[in-house]
Amino acid sequence: MMNVLFIVTDGKSANGICVKAIMNEMVKRKTYNVYCVTNREKGKPFHFVEDKISYFTVSPRFISRLEAICADGVNSPSKNMLRLLLKLLNKATLLLSIPTWPLISRGYAKRIYKAAKTVSTQNKIDLIIPVFQQIEALVAANRIKEYNPSIVYIPYFLDSLSGGQGPRQFSKKWSIERGKRWERKLLKNADYIVMMQSAKEHYSKNCINETYYARIDYLDLPLYTKWDHKDLFDSNQGILDRGCINLLYIGTIPAHIRDPRIFLEVFCAIKDPKLRLVFIGSNTCPHVFEEFCGKDKRIKVYPFVEHDQAIALMHEADVLVNLGNNLESMTPSKVFEYMSAGKPIVSTAPIRKEPSIKYLKRYPAAHILYYDGVDREMEAERMLDFIYKNVRIDIDQEKVRANFYENTPEAFLDYIEERL
């Protein structure tokens, strides 16, 4: 049996969901003992076992705790005041951390390292896989590798460090150079490095002369999974209107990366009363949703739900909505969960090289709404036509899944076993 330790800071984030899929696959193969260091969620103990995975939790950053409180979607004077405080704290923290960015909190990094080192020592860990983001996971794993060189160290970049989104206040060149500086420091001891296909162009262009470049392997987001319908519970709880055609978006909406406004304008231009548009999750543009919910009662917004409920809702919805990113190297992971549900997908493309497009073009029921030069009325007609033509489509899931092997948890495990 191989003892494997994952370090993933936020278990409920998109990255956390990706890692959970991989850990579940490891458990299924019965050749791994799986451990995970992650943030402590409300009501969770320091150590617990779930689905045969041993979790060890650390207290998250104070700002992360505030963000969790503010992410419930509730608007009240006290919550709005807290959100204002959070915004000011974020700006102050960014200013103070300029010399070390993207490392924000040394105290948080120390907590993760302490927990990971204890788990590694007590359980004789053979393989450690830190997940970016956040950088504290890499800092902790790199220190453990220095402490115990016999541990195999494979950083897993579900997001790009030097090719990712830097602070808006700084230039792209500054973010790339700062990211490369950290990559040199944290990847020098890595045995192998796993990055996403969407980051390949950036690294081949900007990092080909770095010493770590030869150890990079490119895989893909591991969220094309097979769901057994008997495991899905009735999750509706009044969220979806069973008598209508439900369009569903689940996830975060950072408006500076995925702007919902044009999509909302196109939806409002569709006058069909049978349609409903449901958003579940947090967003950084509550004023935009207040505006559109106020003028179109078919649009509803709900706070986050647990992941198993989110999956069940995806299977119950009629059409799934993806808001594309304006970053070429950042593929929304939810696209693969959407395809796993076998439902029609409407996706936006704020840039022509939006990274979801190449996957959606291989899927038999996808509609792309390009933002550049968009004609709202014409796009409304096209979207409505797509919805009615595909709302009852029967997709051959086995055939599609075979076409997306690289996006399965099995592909990551096959890679690990081949390397080791």
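Structure: see above.
Residues numbered from 1 in each chain as written. Predicted model: local features only at pLDDT ≥ 70, side-chain atom pairs only at ≥ 80, totals over all residues. Heavy atoms only, no water.

1. Topic: the overall build of the chain
A count of helices and strands for the chain gives 15 helices and 15 strands. For 420 residues, the compact-globule estimate of 2.2 N^0.38 gives 22 Å, and the C-alpha radius of gyration of the chain, at 21 Å, lies within 12% of that figure. Along the first, second and third principal axes, the C-alpha atoms of the chain reach 65 × 50 × 45 Å. Evaluated residue by residue, the chain yields a buried proportion of 55% over its 420 residues. A separation threshold of at least 6 residues defines the contact pool for the chain, and within that pool the share at least 24 residues apart is 71%. Entry remark: accessible area of the chain is about 19,500 Å², with carbon and sulfur atoms responsible for 53%. (Helix = DSSP H or I, 4+ residues; strand = E, 2+ residues; numbered from the N terminus. Rg over C-alpha atoms; globule rule 2.2 N^0.38 Å. Buried < 20%, exposed > 50% of the residue type's maximum accessible area, 1.4 Å probe, protein only. Contact = heavy atoms within 4.5 Å. Areas by Shrake-Rupley, 256 points an atom, 1.4 Å probe, with all protein chains shown as cover.)

2. Thoughts on the nonpolar core
Grouped together as the largest cluster of nonpolar side chains are 94 residues, with contacts concentrated most on Phe6 and Phe263. When residues in this core are grouped by element, the largest group, 8 residues, is from helix H1 (residues 14–29). In this view, Phe263 contacts Leu277, Phe279, Val321, Leu323, Val346, Thr348, Leu369, Tyr371 and Met383; residues no more than four positions away in its chain are not counted. Residues Ile7, Ala140, Tyr153 and Cys207 belong to the second largest nonpolar core, which totals 40 residues. (Core = buried A, V, L, I, M, F, W, Y, C linked by side-chain atoms within 4.5 Å.)

3. Re the pairing of strand E8 (residues 193–196)
Where burial is concerned, the two faces of E8 agree: the one with Ile193 and Met195 and the one with Val194 and Met196 are both buried. In terms of handedness, the path from strand E7 (residues 156–157) via helix H6 (residues 172–187) over to E8 forms a crossover that is right-handed. In this structure, E8 lies alongside strand E9 (residues 216–219), joined through 4 bridges in parallel fashion. When the sheet's bridge partners are listed, Val194 is paired in E9 with Asp217. The parallel pair E8 and E9 is bridged by helix H7 (residues 200–206), and the resulting crossover is right-handed. (Right-handed = clockwise from strand over helix to strand, strands pointing away. Pairing = 2+ DSSP bridges.)

4. Re the packing of H1 against helix H15 (residues 409–419)
Here H1 crosses H15 at 65 degrees, and the two axes come no closer than 9 Å. For H1 against H15, the interelement crossing comes out right-handed. Along its contact with H1, which presents Ala21, Ile22, Glu25, Met26 and Arg29, the element H15 presents Pro409, Glu410, Phe412, Leu413, Asp414 and Glu417. Taken together, the residues that form the contact of H1 with H15 break down as 6 nonpolar, no polar and 5 charged. (Axes fitted to C-alpha atoms, helices over the stretch in contact; angles between N-to-C directions. Left-handed = near helix turned anticlockwise from the far one by under 90°. Nonpolar A, V, L, I, M, F, W, Y, C, P; charged D, E, K, R; others polar.)

5. Here's the deal with helix H9 (residues 286–295)
Along an α-helix, residues three or four apart share an orientation, since each turn contains 3.6 residues. Among the residues making up H9, those that are buried are Val288, Phe289 and Phe292. Angular distribution of buried residues about the axis of H9 spans 90 degrees; they occupy a single face of the element. Buried residues along H9 sit against helix H8 (261–269), strand E11 (275–280) and strand E12 (299–302). (Arc of directions from axis to C-beta.)

6. Some thoughts on the packing of helix H5 (residues 135–147) against H6
For the pair H5 and H6, interaxial distance at closest approach is 9 Å and the crossing angle is 30 degrees. Between H5 and H6, the crossing angle belongs to the class labelled roughly parallel. Two secondary-structure elements touch here, H5 through Ile135, Leu138, Val139 and Asn142 and H6 through Trp182, Lys185 and Leu186. A class-by-class count of the residues in the contact of H5 with H6 yields 5 nonpolar, 1 polar and 1 charged. (Parallel < 35°, antiparallel > 145°, perpendicular 65-115°, else oblique.)

7. Quick word on the pattern of salt bridges
Scanning the entire structure with this criterion turns up 23 salt bridges. The salt bridge involving Glu291 is made with Lys295; its shortest N-O contact spans 3.7 Å. Of the two residues, Glu291 and Lys295 both sit in helix H9, 4 residues apart, roughly one turn of that helix. Overall, the relative accessible area of 34% leaves Glu291 in the partly exposed class. Between Arg298 and Asp296 there is a salt bridge, with its nearest N and O atoms 2.8 Å apart. (Salt bridge = Lys/Arg side-chain N within 4 Å of Asp/Glu carboxyl O.)

8. Here we look at the packing of aromatic side chains
Taken as a whole, this structure holds 10 aromatic pairs when the rule is applied. Taking the centre distance of 5.8 Å and the plane angle of 45 degrees together, the rings of Phe132 and Phe157 count as tilted. Here the residue Phe132 occupies a position in strand E5 (residues 127–132), and Phe157 occupies one in strand E7, the gap between them amounting to 25 residues. Each member of the pair, Phe132 together with Phe157, is buried. Relative to Trp174, the ring of Phe170 lies with its centre 4.4 Å away and its plane at 35 degrees, an arrangement referred to as tilted. Of the residues examined, Phe170 reaches a relative accessible area of 24% and is grouped as partly exposed. Put simply, the rings of Trp101, Phe170 and Trp174 pair up and form one aromatic cluster. The aromatic ring of Phe292 is capped on one face by Lys295, whose charged end is 4.3 Å from the ring centroid. Arg352 extends its terminal NZ or CZ atom over the ring of Tyr370, reaching a point 4.0 Å from the ring centre. (Phe/Tyr/Trp six-rings, centres within 6.5 Å; stacked < 30°, edge-to-face > 60°. Lys NZ or Arg CZ within 6 Å of the ring centre and 35° of its normal.)

That is the geometry; function is a separate question.
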